[in-house]
Amino acid sequence: MLEAGGDVGGTWYWNRYPGARCDVESIEYSYSFDRTLEQEWNWTERYASQPEILDYIRHVADRYDLRRDITFGTRVEAMRWDDAAERWTVRTDDGRSRTARFVIAATGCLSVPSRPAFAGMADFAGELYWTSNWPHDGVDLTGKRVAVVGTGSSGLQTITAIAPDVGSLTVFQRTPSYAVPAHNGPIAARLDEVKPGYPEFREESRLSRLGFHCGEDETGYYAETPAAGVRRELDRRWSDGGLCFTLSFRDVLFDADANEALAEYVRERIRAKVNDPGTAEKLTPRTYPIAAKRMCVDTGYFEVFNRDNVSLVDLGEEPIERFTERGIVAGDAERAFDVIILATGFDAMTGALTAMDIRGTGGALTEKWAAGPRTYLGLMTAGFPNLFMITGPQSPSVLSNMMTSIEYHVDWVTTALEHLRASGRHRMEPDIEAEDNWVNTTNDVGELTLMPRAASWYTGANIPGKQRVFMPFVGGVGTYKQIGDGVAVAGYHGFELT
Ligand code: NA7
């Protein structure tokens, strides 16, 4: 195992910014492969904080003695397939090369930060931090003049956490986010409830739409629900909190009216939370369907703007012109800061794969994917034999509980490798026809929804020059599992095994 970070943890190793927390519930966002582990581990909160998740991952690494097989602080730069030897040569940034029959790229969906280059950035004399690579020793922000650029999940969490401690906080917002309250709290009672039936609970998650429980069986269609029922359901989902709000009705992602009903409900809540109507209006998302960009889960984010030390800059009205020695020039004003925090997101889904120079039988992965990723099931791509991806593009990945999706892919790949070994074969690659069909299926299912209507990182729209194409499989975790299981059972239908 080759790992760029200095320790295990991935996302939870790098993203240590104040307030960092998972927005999938901890009883769901945890490994299911060991029944003893899931019985022994006790989460403290409904949504686990970054330090608690990192402790858990470290515990797992120690418990199964994984560290002895991991080379830390080592980044893969290039991979070449040798067709005669039927092996990959993997080159790392320490100058070494290793060869392997099979390579599994477990490189993450949100692991390559997007770092916009604002003019004059190097001139800024204060401290500058990225949420995606937060200093391990922490940062003392007490009493300082702080700017945050970006209002996605990372920005929202950072802003909410630091507002009470900083001297002043200026939030630079390009697009307002829809956010649902987390209603975080202690989890002991819920754990006692879930643990006795954990295996069945996990199986339900694997067959669900998002890879975690959302009471889907009880969900109806907006179009068939009377107005009073709509309100009741939205109130109920809102008071439950969390991402399941987006599954209030079955047609939220398909029917513009259903979507607008949810969006308007959230807008109304924002208006009720923010005292100043002008600020409330700026914080209100209007230009894209709800859930078409990643929903945020918040813990008092909007209320932060009622504080005297917090102000909002709408970049639509006052675009960032440049950074200066003192701060940021946006619109006509230069604002001075001690600290600037950038929460500007990631080159999602394909970024970590295309950052490596991967060359297969027919050339470079970057060339093959120039017009968007092409995969079969998000697991492999034709022309790159024996290279597996964990939660690759065109799998549910970022539209799901990542733990459920990661475990599913790990199991699928493991079973495939066992099958190859047992049948005396050593090479696996998708048929181009099966791959083309899957790419079309993923695109078609995506196009059935309202999701491609937002300029989101699901479509690559946040990265200048990146081809815009809807990348995740939106058909649901359970449906995807049934397809993946079926393909395997049918002797790896659509794959060539030699
Ligand atoms: P996101 O969700 O991509 O958010 C990034 C934010 O930064 C978003 O508000 C962007 O505005 C903003 N942004 C990006 N580039 C710029 C520039 N150049 N100028 C101003 N503002 C900019 O990333 P997060 O880290 O918050 O969340 C990633 C995922 O982690 C999250 O969805 C969960 O799955 C966990 P935009 O909306 O593009 O206009």
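Just so you know, these numbers come straight off a predicted model, no measurement behind them.

Visitor: Even after reading the chapter, I still don't get the overall build of the protein, so can you show me in this structure?
Guide: Per the secondary structure count, the protein includes 14 helices and 19 strands. Its C-alpha atoms give the protein a radius of gyration of 23 Å, near enough to 23 Å, the size a compact globule of 498 residues would have. In terms of overall dimensions, the protein has C-alpha extents of about 70 × 60 × 45 Å along its principal axes. Evaluated residue by residue, the protein yields a buried proportion of 42% over its 498 residues. Counting only contacts in the protein whose residues sit at least 6 apart along the sequence, the fraction spanning at least 24 positions is 70%.

Visitor: Explanation requested: the environment of Ser 400 in the structure shown.
Guide: Within the element layout of this structure, Ser 400 appears in the loop between strand S17 (387–389) and helix H12 (402–422). On the basis of neighbour count, Ser 400 is assigned to the buried category, with 25 C-beta atoms found within 10 Å. In contact with Ser 400, not counting residues within four places along its chain, are Leu 210, Gly 211, Ser 405 and Val 477.

Visitor: Got a minute to help me understand the site of the ligand in this structure?
Guide: In the neighbourhood of the ligand, 19 residues make up the surrounding shell, with Gly 150, Gly 152, Ser 154, Arg 294 and Gly 345 lying closest. No other element matches the three residues that helix H4 (residues 153–162) contributes to the shell around the ligand. Taken together, the residues of the shell around the ligand sort by class into seven nonpolar, ten polar and two charged.

Visitor: How should the sheet that holds strand S7 (residues 168–173) be read in this particular structure?
Guide: In sheet architecture, strand pairing relies on hydrogen bonds along the backbone and comes in two forms, parallel and antiparallel. With parallel pairing, the five strands of this open sheet are ordered in space as S5-S14-S6-S7-S10. Edge positions in the sheet fall to strand S5 (127–130) and strand S10 (310–314), since each has one partner strand and no second. When strand polarity is set aside, the average angle formed by the axes of neighbouring strands in this sheet is 20°. Contacts between H4 and the sheet are confined to strand S6 (145–149), S7 and strand S14 (339–342), with S6 contributing the most and set at about 160° to the helix.

Visitor: I keep staring at the sheet that holds strand S13 (residues 333–336) and nothing clicks. Help me out?
Guide: With respect to topology, three strands assemble into an open sheet ordered S11-S12-S13, the strand pairing being antiparallel. Where the open sheet ends on each side, the last strands, each with one partner, are strand S11 (320–323) and S13. Each strand axis lies, on average, 20° off the axis of its neighbour in the sheet, ignoring direction. Pairing of S11 with strand S12 (residues 327–330), which is carried by three bridges, proceeds in the antiparallel orientation. Each residue of the ladder has a partner; that of Arg 322, found in S12, is Val 329.

Visitor: Help me understand the packing of H12 against helix H14 (residues 477–489), please; the structure alone is not making it clear to me.
Guide: Between H12 and H14, whose axes approach to 11 Å, the crossing angle comes to 0°. The pairing of H12 with H14 is recorded here as roughly parallel in orientation. Here Thr 404, Ser 405, Tyr 408, Trp 412, Thr 415 and Ala 416 of H12 come into contact with H14, specifically with Val 477, Lys 481, Gly 484 and Ala 488. Split by residue class, the contact of H12 with H14 holds five nonpolar, four polar and one charged.

Visitor: How should the nonpolar core be read in this particular structure?
Guide: A general trend in soluble globular proteins is that nonpolar side chains are found buried together. Membership of the largest hydrophobic core comes to 118 residues, with the highest contact counts inside it found for Val 146, Ala 147, Val 148, Ile 159 and Leu 169. Sorting elements by how many residues they give to this core places helix H8 (residues 256–273) first, with six residues. Here Val 146 is in contact with Leu 141, Ile 162, Val 166, Ser 168, Leu 169, Phe 337, Asp 338, Val 339 and Ile 341, once residues within four sequence places are set aside.

Visitor: When you look at unusual backbone geometry in this model, what are you seeing that I'm missing?
Guide: Most peptide bonds are trans, and most residues other than glycine sit at a negative phi. Despite not being glycine, Met 349 shows a phi value in the positive range, around 70°. Along the polypeptide, Met 349 turns up in the loop between S14 and helix H10 (351–354). With phi around 60°, Tyr 492 is a residue other than glycine that occupies positive phi space. As for its position among the elements, Tyr 492 is in the loop between H14 and strand S19 (495–497). For Tyr 492, a count of 18 C-beta atoms within 10 Å puts it in the partly exposed group.

Visitor: Any chance you could explain the pairing of strand S1 (residues 76–82) here in plain terms?
Guide: The side chains of a regular strand alternate between the sheet's two faces. In this sheet, strand S2 (residues 87–92) lies alongside S1 in antiparallel orientation, the contact comprising six bridges. Residue pairing for S2: Arg 80 is matched across the bridge by Thr 89. Taking the residues between adjacent antiparallel strands as the criterion, S1 and S2 are bridged by four residues, where Glu 86 takes a positive phi near 50°. Across three bridges, the pairing between S1 and strand S15 (residues 357–360) is parallel. Pairing of Ala 78 across the sheet is with Asp 357, part of S15.

Visitor: What exactly am I supposed to notice about the confidence of the model for the protein here?
Guide: Reading predicted coordinates in detail is not appropriate for stretches of low pLDDT. Put simply, the protein has an average pLDDT of 97, and 100% of its residues get 70 or more. For the protein, helix H5 (residues 188–194) is the element with the lowest average pLDDT, namely 95, and S6 is the one with the highest, namely 99. Scored as a complex, the prediction yields pTM 0.97 and ipTM 0.99.

Visitor: Is there a simple way to explain the pairing of S6 in this structure?
Guide: Most of S6 sits inside the fold, with five of its five residues counted as buried. Residues of S6 alternate between two faces, with Arg 145, Ala 147 and Val 149 on one and Val 146 and Val 148 on the opposite face, all of them buried. The parallel pair S6 and S7, bridged by H4, forms a crossover whose chirality is right-handed. Strand direction decides the pairing type here: S6 and S14, joined by four bridges, are parallel. Note that in S14 the partner of Val 148 across the bridge is Ile 341.

Visitor: Please clarify how the environment of Arg 63 should be interpreted in this entry.
Guide: Secondary-structure assignment places Arg 63 in helix H3 (residues 50–63). Along the primary structure Arg 63 and Leu 37 are separated by 26 residues, whereas in three dimensions their C-alpha atoms are 9.2 Å apart.

Procedures and definitions
Residues numbered from 1 in each chain as written. Predicted model: local features only at pLDDT ≥ 70, side-chain atom pairs only at ≥ 80, totals over all residues. Helix = DSSP H or I, 4+ residues; strand = E, 2+ residues; numbered from the N terminus. Rg over C-alpha atoms; globule rule 2.2 N^0.38 Å. Buried ≥ 20, exposed ≤ 12 C-beta atoms within 10 Å, placed from the backbone. Contact = placed C-beta atoms within 7 Å. Near = placed C-beta within 6 Å. Nonpolar A, V, L, I, M, F, W, Y, C, P; charged D, E, K, R; others polar. Pairing = 2+ DSSP bridges. Axes fitted to C-alpha atoms, helices over the stretch in contact; angles between N-to-C directions. Parallel < 35°, antiparallel > 145°, perpendicular 65-115°, else oblique. Core = buried A, V, L, I, M, F, W, Y, C linked by C-beta atoms within 7 Å. pLDDT = per-residue confidence, 0-100. Right-handed = clockwise from strand over helix to strand, strands pointing away.

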